[in-house]
Every structure is written in structure tokens, then in C-alpha cells.
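# Survey of secondary and tertiary structure
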Amino acid sequence: MTAPDAKADLHLALQWARDALLWKLEGLSEYNARRPLTPTGTNLLGLVKHVAGVELGYLGDTFARPSGEPLPWLEDEADANADMWATAGESRERVVGLYRRAWAHADATIEALPLDTVGTVPWWPSHRAEVTLHHAVLRVITDTHRHAGHADILRELIDGAAGFREDNGNLPPGDAAYWEGHRNRLEHAAREADRDA
């Protein structure tokens, strides 16, 4: 048996989340790709824009490998949460293109450096700013999977599309009637538990 390749395992976990997140945009109108669906404004294209910046920061700048990509929403004078939504002038193609370039840049960092390479996170306090590449990759994986989960819920709210990927729904089989019945059972159980509490 060969020894596991930690870099390959980490990269696979990261790529799964990347692919799942982008799949949630497929087939949507500009409005649905951008519209806020939570009280805090969470939206699909904004999630993609955010994780692009996360990858470029943690797997680029942290290891003295700047991408050269302009990220005006991260400047000091930018509006709060400017990385979490796309302006009307920022096309979907531009945001997705940025994310794909961020992948390539991050992947080059992962390939070029050993996992125990130490970098410095520029936006963290100096007393805890040093991290290994292994830690930074895990942080990006965690953040991307978290936001892919947000995207799962947003997309289901938009048009009912659910699942991990187009080729892997990761859900039990069931038509609309099945899922309506399932949801009704859960609603009934919740009301019953609340009544008995």
C-alpha cells in the first residue's frame, strides 16, 4: 500500500467545494444569481466573489505569492461586505473568471510549496499571523465548503434545485410529491414537539 498523498487529498476536497459552488449558478438568470435571499444579503454570485478573494489571500498573499488581481472590494475605503455581492457592473463571467484564476493561482502555490511552509496572513494580528500552508489550505477548504452549503440552500430556495453536483445529487431519490410529503412530516413533527414542550 502506498502512503497517502496529503496534498492530493486536500486538493480534491477543495476542488469538490469549488465545483459544487459554481454548479449552483448554472442556468440562473442574472437576477437569481445575484438576488439577496437572507436578511444579511447572502447571494450566490457574492459567495463566489468572496471565496475568490479568500483563495487569493490565504493561498497567495500569505505565502508572498501575490496574484496581481485587482480586488477593489478589499481596499480600506471599500464598503463593508463589498466582497459578498456583485455590483451591476461586475458581470457573472468576470466574477467566475476571477474565481477560476484564483483556483489556478492557489493550485500553483499548493504544488510549489511543502505543506509545512510557513507564511504570514497579512490581515491577522502579528502575534498569530504565521500559518503553515497545510493550515491555510484547510482554512480555505473549510470556508469554501461552508459557503457551498449556503449556496445549496439559496439555490433550493430559488428554484428547488438541490444536491451536491449535477452528476451526484447526494439525496435520496424522490419526486416533488415525495419531497412535499417529507417536508410536511417534518413540519408536523416540529409542531408536535413544540406543543409537547
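To be clear, the structure that these remarks concern was listed above.
Analysis parameters
- Residues numbered from 1 in each chain as written.
- Predicted model: local features only at pLDDT ≥ 70, side-chain atom pairs only at ≥ 80, totals over all residues.
- Heavy atoms only, no water.
- Helix = DSSP H or I, 4+ residues; strand = E, 2+ residues; numbered from the N terminus.
- Buried < 20%, exposed > 50% of the residue type's maximum accessible area, 1.4 Å probe, protein only.
- Contact = heavy atoms within 4.5 Å.
- Expected span 1.5 Å × (residues − 1).
- Phe/Tyr/Trp six-rings, centres within 6.5 Å; stacked < 30°, edge-to-face > 60°.
- Lys NZ or Arg CZ within 6 Å of the ring centre and 35° of its normal.
- Polar contact = N/O pair within 3.5 Å; in protein donor to acceptor, adjacent residues only side chain to side chain.
- Core = buried A, V, L, I, M, F, W, Y, C linked by side-chain atoms within 4.5 Å.
- Axes fitted to C-alpha atoms, helices over the stretch in contact; angles between N-to-C directions.
- Parallel < 35°, antiparallel > 145°, perpendicular 65-115°, else oblique.
- Left-handed = near helix turned anticlockwise from the far one by under 90°.
- Nonpolar A, V, L, I, M, F, W, Y, C, P; charged D, E, K, R; others polar.

So, about the side chain of T42. With respect to the helices, strands and loops of the structure, T42 is situated in the loop between α2 (30–34) and α3 (44–58). Using a relative accessible area of 18% as the deciding quantity, one classes T42 as buried. Apart from residues no more than four positions distant in its own chain, T42 is found in contact with R35, P36, L37, L47 and L154.

A few words on helix α4 (residues 92–112). Helix length check: α4 (21 residues) gives 30 Å between terminal C-alpha atoms against 30 Å at 1.5 Å per residue, within 8%. What α4 keeps buried is the set R92, V95, V96, G97, L98, Y99, A102, W103, H105, A106, T109 and I110. In this fold, the buried residues of α4 make contact with α1 (6–23), α2, α3 and α5 (133–159).

Within this structure, the stated rule accounts for three aromatic pairs. Between Y58 and W123, the ring centres sit 4.9 Å apart and the planes meet at 75°, which makes this aromatic pair edge-to-face. Note that Y58 is positioned in helix α3 and W123 in the loop between β1 (118–120) and β2 (130–132), a separation of 65 residues in sequence. With a centroid separation of 5.3 Å and 75° between ring planes, the pair formed by Y99 and W103 is classed as edge-to-face. Within this pair, Y99 and its partner W103 are both found in helix α4, separated by four residues, close to a single helical turn. Grouping residues by exposure puts Y99 and W103 together as buried. Among the aromatic residues, those joined into a ring-pair cluster are Y58, W123 and W124. The ring of W73 is capped by K49, whose NZ or CZ atom sits 4.3 Å from the centre of that ring. Across the ring face of W124, the terminal group of R128 is positioned such that the distance to the ring centre comes to 4.9 Å.

The subject of this paragraph is the environment of A52. Checked against the element boundaries, A52 lands in helix α3. Residues A52 and D83, 31 residues apart in the sequence, show an inter-C-alpha distance of 9.2 Å. The residues contacting A52, other than those within four sequence positions of it, are L98, Y99 and A102.

Since the α-helix turns once every 3.6 residues, residues separated by three or four places project in the same direction. With 18 residues, α1 extends 26 Å from end C-alpha to end C-alpha; this agrees with the ideal 26 Å at 1.5 Å per step. When we look at burial in α1, the residues that qualify are L10, L14, Q15, A17, R18, A20, L21, L22 and W23. Check the buried side of α1 and you find it contacts α3, α4 and α5. At the N-terminal boundary of α1, the capping side chain belongs to D5, with an oxygen 3.1 Å from the backbone nitrogen of K7.

Within the largest apolar cluster, 27 residues are counted, with the highest numbers of intra-cluster contacts made by L21, L22, L25, L44, V48, L98 and Y99. Of all the secondary structure elements, the ones that give two or more residues to this core are α1, α3, α4 and α5. Tallying contributions element by element places α3 first for this core, with seven residues. Leave out the neighbours within four places in its chain, and L22 touches V48, V96, Y99, R100 and W103.

With that out of the way, let us pick up the environment of T117. Within the secondary structure, T117 is located in the loop between α4 and β1. Excluding its chain neighbours within four sequence positions, the residues that come into contact with T117 are F63, V131, T132 and L133. For T117, the side chain forms a polar contact with the main-chain oxygen of P114, separated by 2.8 Å.

What follows deals with the packing of α1 against α5. Across the interface, α1 lies against α5 with an axial gap of 8 Å and an inter-helix angle of 25°. What the angle tells us is that α1 and α5 run roughly parallel. Of the two elements, α1 crosses α5, and the hand of that crossing is left-handed. Between α1, through L10, A13, L14, A17, R18, A20, L21 and W23, and α5, the contact on the second element is made entirely by H134, V137, L138, V140, I141, T144, H145, H147, A148, A151 and R155. Among the residues making up the contact of α1 with α5, the classes are represented as 13 nonpolar, four polar and two charged.

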